[in-house]
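# What the coordinates show
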Amino acid sequence: MRNRRLDLSRLVGLGLVGTALLAAGCDPTQRFPRVELTRQPHDGGVLVAYDLDGDKRPDYWQRQDPAGRVVALQFDDNRDGRPDDLVDLDHIGPNDVPHLIIALDGCPYECVEQVYKQGGFRLFFPPARLISCFPAMTDLALSQVWHCGPVRSCEALYFDRRRNRLNDGNASYLRAENSPWVARMAYRCSFWWDANAYLNPQGVFDHELRGIYRTFAKVRSGTAAGYTVGTAGLGTRGGQAAMLRYLHRLDRLCQQILYERRGRVKLTLLADHGQGMTRCQRVSFKDHLRQRGFNLCKRLETPRDAVTIEYGLVTYAAFFTDRPAELAAALRDHPAVELVFYPSERDVVVLDRHGKAVIRHLSNGFRYEPSGGDPLKLTDIIERLREQGKVGTDGAIDDRALFEATATHRYPDPLRRAWFGFNGVTQVRPDVIVSLYNGYSHGSAFFDFMIGGAASTHGSIDRLSSTAFVLTMRGPLPPAMRLEEALSKVEQARPLPA
């Protein structure tokens, strides 16, 4: 029977067909001026003037409050160089105007916070942390944001236990079989562009911003969302510097949309997961496992066989085996491995090189039972919560209290994320999941060669990889949120009374 499985090189080759189409002429997403004309004190805040028609005179003004947020717009309608019409942004009802959402693939909170502190994204209230899932992967994350239910697997490529073989990952990817969230997007570029997102990420990003801009221009009411995969390519190829550049570009696009709509729009930006912001060395576990009696292969024929997923480049690794506890123990001392997780009956076990802990899901929260160490570094946090009355006599930790106490922890919201990583997030459940140290990646050797290694990537349970962001014009947000809370919190947000 003919092998129908497309390899990654074929997918890249098909994607290259579209490279020539990425060149842009006049780009409507870059019309907004890069620099302001003047900035002067006004009413305890600042009045910033811009020249939109290119005649060297101000014709558009933004009023910033004392905190630096843009709260009002003014336009020179009679072309006399002075502001006329005033638009108070906070007095525009959020349900009276379109709500436009741009979802970014892979952007860490730290980068957005840096841009905001430097004066960018001032159309928005301050950024909030968005704690991603584990593994921190796009399909899992955006399906939770848009409440699409469990996805098939952590990635498009997975091990089919019933057939005892790997599925056709590229065909599954191109058919969006692992991406139910795509149906919620008003704009998502063709999947055939995605290979170019890592070969020509700037071209794909430009193409997507034009597509989002044109799509949003047709929206006159309700909520519409657009997605960009080009940000993933820019971050993976260019690291933190590239992330900061594309964030400034997005800020200009938002400014242009607000200007054209004369303030009658609400904008929201969010990302699915963070990024490690560290150049990664690709690792293979084949020799390491062979030395410990395991055979890394494509099928499970003997009890010592194991299958791993090598697709893209990420900072986690999923394994399938008939002996998860033994495989986890064999993986824990690999130099790239920070933590190893595997399910045991109704619990999840986590290992590091020094110890072990059991995560147990109870009706009133999660219980953490370390032995011989503290893999998730939670002992001190749990003790403080116990003193606050947030830990029950059965050891169950108040779920919300633990989330808030760990939102900026080395491993954010670790008990819930680790437990759901094996329960309810995917239909195909790995037998072992490894979280790598920042600076290591796992995946396709061909992909690693094609892009010259990842300057940054994601997937692990650590803070950088796990912490994305939400920015919205609708109102202030809580400091940190889970994925499934993001849209409801944004919908509920309202400006505080002056």
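Quick note: structure is the one above.
Residues numbered from 1 in each chain as written. Predicted model: local features only at pLDDT ≥ 70, side-chain atom pairs only at ≥ 80, totals over all residues. Heavy atoms only, no water.

## Details of the pattern of salt bridges
- Summed over all chains, the structure comprises 37 salt bridges.
- The closest approach of N and O atoms between D53 and R79, which form a salt bridge, is 3.4 Å. Here R79 lies in the loop between strand 4 (70-75) and strand 5 (85-88) and D53 lies in the loop between strand 2 (45-50) and strand 3 (60-64), a separation of 26 residues in the sequence.
- The exposure class assigned to D53 is partly exposed, which follows from its relative accessible area of 38%.
- The structure contains a network of salt bridges with shared partners spanning D399, D413, R416, R482 and E484. (Salt bridge = Lys/Arg side-chain N within 4 Å of Asp/Glu carboxyl O. Helix = DSSP H or I, 4+ residues; strand = E, 2+ residues; numbered from the N terminus. Buried < 20%, exposed > 50% of the residue type's maximum accessible area, 1.4 Å probe, protein only.)

## Digging into the packing of aromatic side chains
- Considering all chains together, one arrives at 16 aromatic pairs under this definition.
- On the basis of an interplanar angle of 85° and a centroid distance of 5.1 Å, the ring pair of Y198 and F447 is categorised as edge-to-face. One end of the pair, Y198, is in helix 5 (residues 196-199); the other, F447, is in helix 13 (residues 445-451), and 249 residues separate them in sequence.
- Here F447 falls in the buried class, since its relative accessible area comes to 11%.
- With a centroid separation of 5.5 Å and an interplanar angle of 75°, the aromatic rings of F285 and F319 are classed as edge-to-face. Of this pair, F285 sits in the loop between strand 12 (281-282) and helix 8 (286-290) while F319 sits in strand 16 (residues 316-321), and the two are 34 residues apart along the sequence.
- The class of F319 is buried, set by a relative accessible area of 0%.
- Over the ring of F125 we find R69, and its NZ or CZ is 3.8 Å from the ring centre.
- Lying over the aromatic face of F294, R304 brings its terminal NZ or CZ to 4.0 Å of the ring centre. (Phe/Tyr/Trp six-rings, centres within 6.5 Å; stacked < 30°, edge-to-face > 60°. Lys NZ or Arg CZ within 6 Å of the ring centre and 35° of its normal.)

## Some words on unusual backbone geometry
- Here the bond from F134 into P135 is cis, since omega is -5°, no more than 30 degrees from zero.
- Locating P135 in the fold gives a position in the loop between strand 7 (128-131) and helix 3 (138-145).
- Backbone geometry at H147 places phi at a positive 55°, although glycine is not the residue there.
- The residue H147 is located in the loop between helix 3 and strand 8 (159-160) in this model.
- Overall, H147 belongs to the exposed group, its relative accessible area being 51%.
- One non-glycine residue with positive phi stands out, namely D413, at about 40°.

## Things to note about the pairing of strand 14 (residues 305-308)
- By the alternation rule, side chains of strand 14 split into D305 and V307 and A306 and T308, which are all buried.
- Summarising the sheet, strand 13 (residues 295-296) and strand 14 pair through two bridges and their orientation is parallel. Paired with L296 across the strands is A306, a residue of strand 14.
- Two elements, strand 14 and strand 16, share three bridges in a ladder whose sense is antiparallel. When the bridges of strand 16 are listed, T308 appears paired with F319. (Pairing = 2+ DSSP bridges.)

## A few points about the nonpolar core
- Ranked by size, the top nonpolar core spans 117 residues in total, and within it W146, L247, F341, I359 and L376 carry the most contacts.
- When residues in this core are grouped by element, the largest group, eleven residues, is from helix 7 (residues 230-260).
- If sequence neighbours within four positions are ignored, L247 has contacts with L104, C107, C111, V112, V115 and F121.
- With 22 residues, the next largest nonpolar core counts A317, A328, V358 and V432 among its residues. (Core = buried A, V, L, I, M, F, W, Y, C linked by side-chain atoms within 4.5 Å. Contact = heavy atoms within 4.5 Å.)

## Some details on the sheet that holds strand 22 (residues 440-443)
- Reading across from one edge, 12-22-15 is the order of the three strands in this open sheet, with mixed pairing throughout. Bordering the open sheet on either side are strand 12 and strand 15 (313-314), each of which pairs with just one other strand.
- Where strand 15 lies against strand 22, two bridges are found, and the strand directions are antiparallel. Looking at strand 22, one finds that L313 is bridged to G443.

## Notes on the environment of A401
- Looking at where A401 falls in the secondary structure, it is placed in helix 11 (residues 399-406).
- C-alpha of A401 to C-alpha of Q388: the two residues are 13 residues apart in sequence and 9.7 Å apart in space.

## Some remarks on the side chain of S444
- Relative to the helices and strands, S444 is located in the loop between strand 22 and helix 13.
- Looking at S444, its side chain comes within polar contact range of the main-chain nitrogen of F446, at 3.3 Å. (Polar contact = N/O pair within 3.5 Å; in protein donor to acceptor, adjacent residues only side chain to side chain.)

## A short note on helix 3
- Within helix 3, seven of the eight residues are buried, which leaves it mostly tucked inside the rest of the structure.
- For helix 3, the full list of buried residues reads T138, D139, L140, A141, L142, S143 and V145.
- On the buried face of helix 3, the contacting elements are strand 10 (223-228), strand 11 (266-271) and helix 15 (486-492).
- Just downstream of helix 3 lies H147, where phi reads positive at about 55°.

## With respect to the packing of helix 2 (residues 109-117) against helix 7
- Where helix 2 meets helix 7, the axes come as close as 10 Å, and the angle between the chain directions of the two elements is 55°. With respect to helix 7, the axis of helix 2 lies oblique. For helix 2 against helix 7, the interelement crossing comes out right-handed. Of helix 7, the residues touching helix 2 (which contributes C111, V112, Q114 and V115) are Q240, M243, L244, L247 and H248. (Axes fitted to C-alpha atoms, helices over the stretch in contact; angles between N-to-C directions. Parallel < 35°, antiparallel > 145°, perpendicular 65-115°, else oblique. Left-handed = near helix turned anticlockwise from the far one by under 90°.)

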